[in-house]
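Observations on chain architecture
Listed here are the chains, written in short residue letters.
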Amino acid sequence: KLSSFWAMTEFWVSQAKHYCKICRCWCSGNKRNIQVHETSERHIENTARQLRAAVAKESAEKKEEMLVEREIMRINQAAVCAHAFDPFEGTGREAAAAAAAAAARE
């Protein structure tokens with residue numbers, strides 16, 4: 001029994017791998033190879049590209065938000081004016097003008 005224990009002296013060990021989320025690629029997991037990859041031209045260009053895309057996306061989201069707010073204000077003003085001229089409510093033109101001016105100040 002002892003001889004079979006000593007017969008198996010070597011066994012396969014998996015080497016750790018590093019996945020770069022920016023480049024979407026695998027490289028060997030030792031520190032030197034990771035450092036070489038992170039200083040490579042490809043990695044630096046991909047990082048810059050992702051930063052530009054993030055800035056553009058944020059800018060587009062802000063622009064879209066401003067357009068939505070503007071549209072909501074326009075709809076609210078139209079609703080106030082329509083409500084002021086409702087024959088069943090009948091508050092008159094003065095109230096409609098005051099409500100539209102108040103909505104424009106907001």
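First, a word on scope: everything that follows refers to the structure included in this document. Here the structure is a predicted model, which means the values were calculated and not measured.

**Considering the overall build of the protein**
Of regular secondary structure, the protein possesses 4 helices and 2 strands. In the protein, which comprises 106 residues, the share counted as buried stands at 10%. The contacts of the protein with a sequence gap of at least 6 include a subset with a gap of at least 24, amounting to 15%. When the accessible area of the protein is evaluated, it comes to approximately 9500 Å², of which 59% is carbon and sulfur surface.

**Section: the pattern of salt bridges**
When their charged atoms lie close together, side chains carrying opposite charge are able to pair. Taken as a whole, this structure holds 2 salt bridges when the rule is applied. As a salt-bridge pair, Lys-62 and Glu-58 come within 3.7 Å of each other at their nearest N and O atoms. On the criterion of helical spacing, the pair formed by Lys-62 and Glu-58 is a turn pair, its members being 4 residues apart in helix H3 (residues 41-84). A relative accessible area of 52% places Lys-62 in the exposed class. In this structure Glu-58 comes out as partly exposed when scored by relative accessible area, which is 44%. Glu-71 is the salt-bridge partner of Arg-74, the closest N and O atoms lying 2.6 Å from each other. Highlighted residues: Arg-74 and Glu-71, both in helix H3, separated by 3 residues, approximately one helical turn. On the basis of relative accessibility, which here comes to 46%, the residue Arg-74 falls in the partly exposed class. Glu-71 sits in the partly exposed class, given a relative accessible area of 36%.

**Describing the pairing of strand E2 (residues 25-28)**
Here strand E1 (residues 17-20) pairs with E2 via 4 bridges, running antiparallel. Bridged to His-18 within E2 is Cys-27. Connecting the antiparallel pair E1 and E2 is a turn made up of 4 residues, with Arg-24 showing a positive phi of about 55°.

**Focus: the packing of aromatic side chains**
Tallied over the full model, the rule gives 1 aromatic pair. Pairing Tyr-19 with Trp-26 gives two aromatic rings, centres 4.9 Å apart and planes at 55°, and the pair type is tilted.

Parameters and conventions
Residues numbered from 1 in each chain as written. Predicted model: local features only at pLDDT ≥ 70, side-chain atom pairs only at ≥ 80, totals over all residues. Heavy atoms only, no water. Helix = DSSP H or I, 4+ residues; strand = E, 2+ residues; numbered from the N terminus. Buried < 20%, exposed > 50% of the residue type's maximum accessible area, 1.4 Å probe, protein only. Contact = heavy atoms within 4.5 Å. Areas by Shrake-Rupley, 256 points an atom, 1.4 Å probe, with all protein chains shown as cover. Salt bridge = Lys/Arg side-chain N within 4 Å of Asp/Glu carboxyl O. Pairing = 2+ DSSP bridges. Phe/Tyr/Trp six-rings, centres within 6.5 Å; stacked < 30°, edge-to-face > 60°.

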